[in-house]
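Coordinate analysis (summary)
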Amino acid sequence: MAIVVVGHKNPDTDTIASAIAVADLWTKRGLEAKPIAQGEIAPETAFVLEKFGFSAPEVMTDATDQQIILVDHTDLSQSMDNLEKGEIVAVVDHHKLGDVSTPNPLEMWVWPVGCTGTVIKAMYDFYGIEMPKNVAGILLCAILSDTVMFKSVTCTDADKKAVEELAKLAGVSDVMALGMEMFKVKSAVDGASASELVFRDYKDFDMSGNKVGIGQLEVVDLSMLDAHKEALQAEIEKVKADGRHSVFLLLTDIMKEGSEMLIASDDASVVAKAFDGIKVEGNSVWLEGVMSRKKQVAPNFIKAFEG
Ligand SMILES: [Mn+2]
C-alpha cells in the first residue's frame, strides 16, 4: 500500500505542492507514495496545479492503518483523523514543532525557513534525485505564496536561493510576474460573500480568557476591497457578537507592504496597547509594514490583553 503524504487541513499551496513533491521523491527512492489532501483546494492552488499540469490530490481524512508522511504541519489539530491508528514515517515542515509523537524512529526534516518547498529542494539535492520540471514549478509557487513574494518576515535567504534554482529547473524566466499572476487569483473577491471573505483565512485565539478572532485577506491592491469594506465591517461585528471580545480583519496590501485592520471590539483601546499607542480613527487603522498575523499581530494582542 502506498505511503500517503499529507499536509494540513484547509490546504494552501505549500501544503498541496509539498505533498505532491514528497510523494514523487519517496517513489523515486523506491518507496511508493501518493499525495493526498484533507479537503478541497483553494483557487490559488488550483491555478498553480493547472499551470504546471497537475490535478488536485485525492481527498482523504482518516489515517487508520496508513503509513503517513506529514508535510507543512505537526499539530494534531491540523492533521488527519485517527492519526494514532496510522504510522508516521517522516515529517517535512517549517513550523514550530507541534504535538504529534511516534513510537518508531522517523525521518525528520524541519527547518526554520519560509516554506516547506525550500526544505524539499534540499532533500532532492541530498538524495541526488533529479527534480521534474513541473515539480520545480509548483514548489517555486509555494515559496512565492508562503513568503508573499519574499516580503514576509518569515522569508530567509535559503528561500530566495531555492527560488532561484527552482526557476531554472522549471524554466520560469520572470518569477515576480508569475507571483503577481498567482496573487491576483488569490485576491479575487468578487462573487464571494462577506462571510466567506472574513473566514477565508481566519483564526480564533484565547487571549487571557478573552476570545479574539483575527482574519486576513491578502490582495495585490487594497482598492480592490473598497466596495466590500462596509459589508466586511458589518460581518466582523456579527462574528464578534457571537461570544468574542474582539474580531480584527487584516486587509493586507502586498505591494504597499502593510495592512489596514478593521476593528470590532468591546474595548478598542487594546489596539493602541498592541501597536505602540497608534491612533485609531473610526473602526480601522493602517499598520505600516505589517504583513504577518503570526509574527506581527497575534503576539502584540496577546501581550496587550495580558497588560
Ligand atoms: Mn507552509
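Residues numbered from 1 in each chain as written. Predicted model: local features only at pLDDT ≥ 70, side-chain atom pairs only at ≥ 80, totals over all residues. Heavy atoms only, no water.

1. Notes on the packing of aromatic side chains
This structure, assessed with the given rule, holds 7 aromatic pairs. For the pair Trp-109 and Trp-111, a centre-to-centre distance of 6.4 Å together with 40° between the ring planes defines the contact as tilted. Relative accessible area serves as the criterion here: at 12%, Trp-109 is assigned to the buried category. Under the relative-accessibility criterion, Trp-111 is labelled partly exposed at 33%. Taking 5.0 Å as the distance between ring centres and 90° as the angle between the ring planes, the aromatic pair formed by Phe-126 and Tyr-127 counts as edge-to-face. One aromatic cluster in this structure is built from Trp-109, Trp-111, Phe-126 and Tyr-127. Here Arg-29 stacks its cationic end above the ring of Trp-26, 4.4 Å away from the centre of that ring. The ring of Tyr-127 carries Arg-29 above its face, with NZ or CZ at 3.9 Å from the centroid. (Phe/Tyr/Trp six-rings, centres within 6.5 Å; stacked < 30°, edge-to-face > 60°. Buried < 20%, exposed > 50% of the residue type's maximum accessible area, 1.4 Å probe, protein only. Lys NZ or Arg CZ within 6 Å of the ring centre and 35° of its normal.)

2. Regarding the sheet that holds strand 5 (residues 87-93)
With parallel pairing, the 6 strands of this open sheet are ordered in space as 3-2-1-4-5-6. Where the open sheet ends on each side, the last strands, each with one partner, are strand 3 (58-59) and strand 6 (107-110). Sheet topology note: the strand 5/strand 6 ladder contains 4 bridges and is parallel. Pairing of Val-91 across the sheet is with Met-108, part of strand 6. Where helix 1 (residues 13-28) meets the sheet, it contacts strand 1 (3-6), strand 2 (33-37), strand 4 (67-71), strand 5 and strand 6, and its direction lies at approximately 170° from that of strand 2. (Pairing = 2+ DSSP bridges. Helix = DSSP H or I, 4+ residues; strand = E, 2+ residues; numbered from the N terminus. Contact = heavy atoms within 4.5 Å. Axes fitted to C-alpha atoms, helices over the stretch in contact; angles between N-to-C directions.)

3. A short note on the domain arrangement of the protein
If you check the domain split of the protein, you get domain 1 (3-184) and domain 2 (194-306). Just the C-alpha atoms count here: the centres of domain 1 and domain 2 sit 28 Å apart. Each partner contributes residues to the interface: domain 1 has 10 residues there, and domain 2 has 11 residues. Summing both partners gives a buried area of about 980 Å² for domain 1 against domain 2, and 69% of it is carried by carbon and sulfur. Summed over the three residues of domain 1 that lose the most area to domain 2, namely Lys-151, Val-153 and Phe-183, the buried surface amounts to 48% of that side. Inspection of the domain 1/domain 2 interface yields 0 salt bridges. (Domains from an automatic or database assignment. Buried area = accessible area lost by both parts, 1.4 Å probe. Salt bridge = Lys/Arg side-chain N within 4 Å of Asp/Glu carboxyl O.)

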